[in-house]
Amino acid sequence: MKKVISVLLSVLMATSIISGLNLTAFAAGNTKSTATQIALGQTVNGSIKNSNDEYWYKFTTPSSGRVTVSLTYSISAVGFYWGRDGSSSDLKNTTLSKSDKLEYDADSYSVDCVGDTFYVCIERCWGDYGNYSLNVSFASANESFPESYNNRNDSKLYANTIGFGQQYNGHIAYDNDVDYYKFTLPCSAKVDLSITNYIDDCEVVMSDDNGNNIIEKNCGKQNSKVNKDVKNYSTYLSAGTYYIKFSEYFSEYGNYSFALNYTPSSESFPESYSKNDDTLATANKISLNKTYYGQFAFNDIDYYKFKLTSKKSVTVTVNASSILEYKILDKNGNYVKSLYTNGGKTEKDIVDLSKGTYYFAVYSGDYQNYKFKLSIPTKPAKAKLNKLKASKGGKIKATWAKTKGASGYQLSYSKSKSFKKVIATKTVSGSKKTSYTGKNFTKGKKYYVRVRAYKKVNGKKIYGSWSNVKSVKAK
């Protein structure tokens, strides 16, 4: 788009053209092959004459950056071409027209480019003649990995290798709108990507070695009123090789910088992209009553394998910072129990399982570190029945010793010593209770009584062994 400089600036530049102060008069070549070399930051004077239709110049940028080409002219109309080969299909191709109200006019064009040699052609139009002044300035992008037209990191094949804890500078150019970087994560970890962007709109994509996108965001400052903006992204990854790609978004170009850091997850079973526990076949063997640490990461499922030698009530304890879903599977991978936590606290569940082989699987939720333990709740000690006493009216009072750690007690009544048929049960809540009087027993009949302690674990009663048996005749 044409950018007209103010009248005051135009007159000032025009005066410079006429006087030639601090400027250089160069004889321009009349073809691309004879183009006159000019230096960056240099202003040259020239004149369009009847003897020549085209005036060619060339300049070289040492690296990627912003190139600004400015032309001041006294001619009513002038053709202006700028690019690598001077063709109409390159960076700029237009006809400039001077305002009739000005003796001199000025236009300036800026483009973000990679380092290369460029050509400028000024062409006579409509048979008009006059003077012009040409200036080329350059602001380096100071890329950490300088690019040229023939040496670019615009694909995974040519990705630049980066490390952690260091800032890298990059540049999205009109003629090179993609930058690739590659990093290797030595262990499972939380990865933090911090981006400082000077571009209004710019896309960043983090992907794995197989091309699966992990992060895909518009990381531009998205506000033309501010000079720059900082955006931070985090994810959890297994050890392996990954790529970061920056690319243009809505044809916006300019500079950016970024830094990458990681925090190891301290997994009990360290994973990498090629060695993991993502299937039943690769599940890690675990023991009961032991705490394990894991990481739920991108494209991840964690399988753990355990065995029970007899029927058990298994307590599943999970600690996570946010939502996490996990389940118990049988030896064939069939669903047994699905569980979850919303995070922020320790979650406990009790699952009754028969003898056999099982899997504990973390399969869904937010990417995060977690810890878990599968344990067999400890039963209360065996209760001791101290005394039975029958009283009139069909009452039987049972007295027992207090059991340490008990939440309450359960009594069982039968007419047979073997308790083949239980005629009544009674639950007595409270750890301090040590006696109970039952009613409505038949006079003259002999009754057998036993007691056991229980404790509550996550709302479920875990019973101890039955006590010794005592008997008494009802009165």
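Parameters at a glance
Residues numbered from 1 in each chain as written. Predicted model: local features only at pLDDT ≥ 70, side-chain atom pairs only at ≥ 80, totals over all residues. Heavy atoms only, no water. Patch = residues over 30% accessible without salt bridge, like charges linked within 9 Å, V, L, I, M, F, W, Y side chains within 5 Å. Areas by Shrake-Rupley, 256 points an atom, 1.4 Å probe, with all protein chains shown as cover. Salt bridge = Lys/Arg side-chain N within 4 Å of Asp/Glu carboxyl O. Lys, Arg positive; Asp, Glu negative; His and termini not counted. Charge placed at Lys NZ, Arg CZ, Asp CG, Glu CD. Helix = DSSP H or I, 4+ residues; strand = E, 2+ residues; numbered from the N terminus. Buried < 20%, exposed > 50% of the residue type's maximum accessible area, 1.4 Å probe, protein only. Pairing = 2+ DSSP bridges. Disulfide = S-S within 2.5 Å. pLDDT = per-residue confidence, 0-100. Contact = heavy atoms within 4.5 Å. Axes fitted to C-alpha atoms, helices over the stretch in contact; angles between N-to-C directions. Phe/Tyr/Trp six-rings, centres within 6.5 Å; stacked < 30°, edge-to-face > 60°. Lys NZ or Arg CZ within 6 Å of the ring centre and 35° of its normal.

1. Quick word on a positive patch on the surface
So, step 1. Together, Lys 387, Lys 389, Lys 392, Lys 397, Lys 443 and Lys 475 give the surface a local cluster of positive charge.
So, step 2. Within the secondary structure, Lys 397 sits in strand β30 (residues 395-400).
So, step 3. Assessed through its relative accessible area of 39%, Lys 397 is described here as partly exposed.

2. What to know about the sheet that holds strand β22 (residues 302-308)
By definition, the strands of a sheet pair up through backbone hydrogen bonds, in either a parallel or an antiparallel sense.
So, step 1. A sheet is described by the order of its strands in space; here five strands give the open sequence β20-β22-β27-β24-β25, paired in mixed fashion. Every other strand in the sheet has two partners, leaving β20 (284-285) and β25 (335-341) as the edge strands with one partner each.
So, step 2. Pairing of β20 with β22, which is carried by two bridges, proceeds in the parallel orientation. Within β22, the position partnered with Lys 285 by the bridge is Lys 305.

3. Re the state of the cysteines
So, step 1. Applying the stated criterion across every chain, the model contains zero disulfides.
So, step 2. Cysteine Cys 202 is unpaired, with the sulfur of Cys 219 as its nearest cysteine sulfur at 4.0 Å.

4. Describing the confidence of the model for the chain
So, step 1. Looking at the chain, the pLDDT average stands at 89 and 93% of residues meet or exceed 70.
So, step 2. Of the regions scoring below 50 in pLDDT, residues 1-23 engages in 34 contacts with residues more than four places distant in sequence or in other chains.

5. Quick word on the sheet that holds strand β21 (residues 291-296)
So, step 1. Here we have four strands laid out as an open sheet, ordered β21-β28-β23-β26, and antiparallel in their pairing. One side of each edge strand has no neighbouring strand; the edge strands of this open sheet are β21 and β26 (346-353). Averaged over all adjacent pairs, the angle separating strand axes in this sheet is 25°, with direction ignored.
So, step 2. Pairing geometry for strand β23 (residues 312-320) and strand β28 (residues 368-375), over six bridges, is antiparallel. By the bridge assignment, Asn 319 is partnered in β28 with Lys 371.

6. Focus: the pattern of salt bridges
So, step 1. Counted under the stated rule, the structure contains nine salt bridges.
So, step 2. For the salt bridge of Arg 84 with Asp 116, the shortest nitrogen-to-oxygen distance reads 2.5 Å. With a gap of 32 residues between them, Arg 84 in the loop between β6 (77-83) and β7 (92-97) and Asp 116 in the loop between β8 (105-113) and β9 (117-124) connect regions that are remote in the sequence.

7. Points about the packing of aromatic side chains
So, step 1. Evaluation of the coordinates by the stated rule reveals 33 aromatic pairs.
So, step 2. With centroids separated by 6.2 Å and ring planes inclined at 50°, the aromatic side chains of Phe 269 and Tyr 304 adopt a geometry described as tilted. With Phe 269 in the loop between β19 (254-264) and β20 and Tyr 304 in strand β22, this residue pair connects regions lying 35 residues apart in the sequence.
So, step 3. These aromatic residues form a ring-pair network of at least three members: Phe 269, Tyr 292, Tyr 304, Tyr 326, Phe 360, Tyr 370 and Phe 372.
So, step 4. The residue whose ring lies beneath Lys 327 is Tyr 363, and the NZ or CZ to ring-centre distance is 4.2 Å.
So, step 5. Over the ring of Tyr 463 we find Arg 452; its NZ or CZ atom is 4.0 Å from the centre of that ring.

8. Considerations on the environment of Ser 257
So, step 1. Of note, Ser 257 is situated in strand β19.
So, step 2. In this structure Ser 257 touches Gln 167, Tyr 168, Asn 169, Ser 194, Ile 195 and Thr 196, once residues within four positions along its chain are discounted.

9. Focus: the environment of Leu 329
So, step 1. Within the secondary structure, Leu 329 sits in strand β24 (residues 324-330).
So, step 2. The spatial distance from the C-alpha of Leu 329 to the C-alpha of Phe 360 is 6.5 Å, given a sequence separation of 31 residues.
So, step 3. Not counting residues within four places of it along the chain, the set of residues in contact with Leu 329 comprises Leu 280, Tyr 303, Asn 334, Tyr 335, Val 336, Tyr 358, Tyr 359 and Ala 361.

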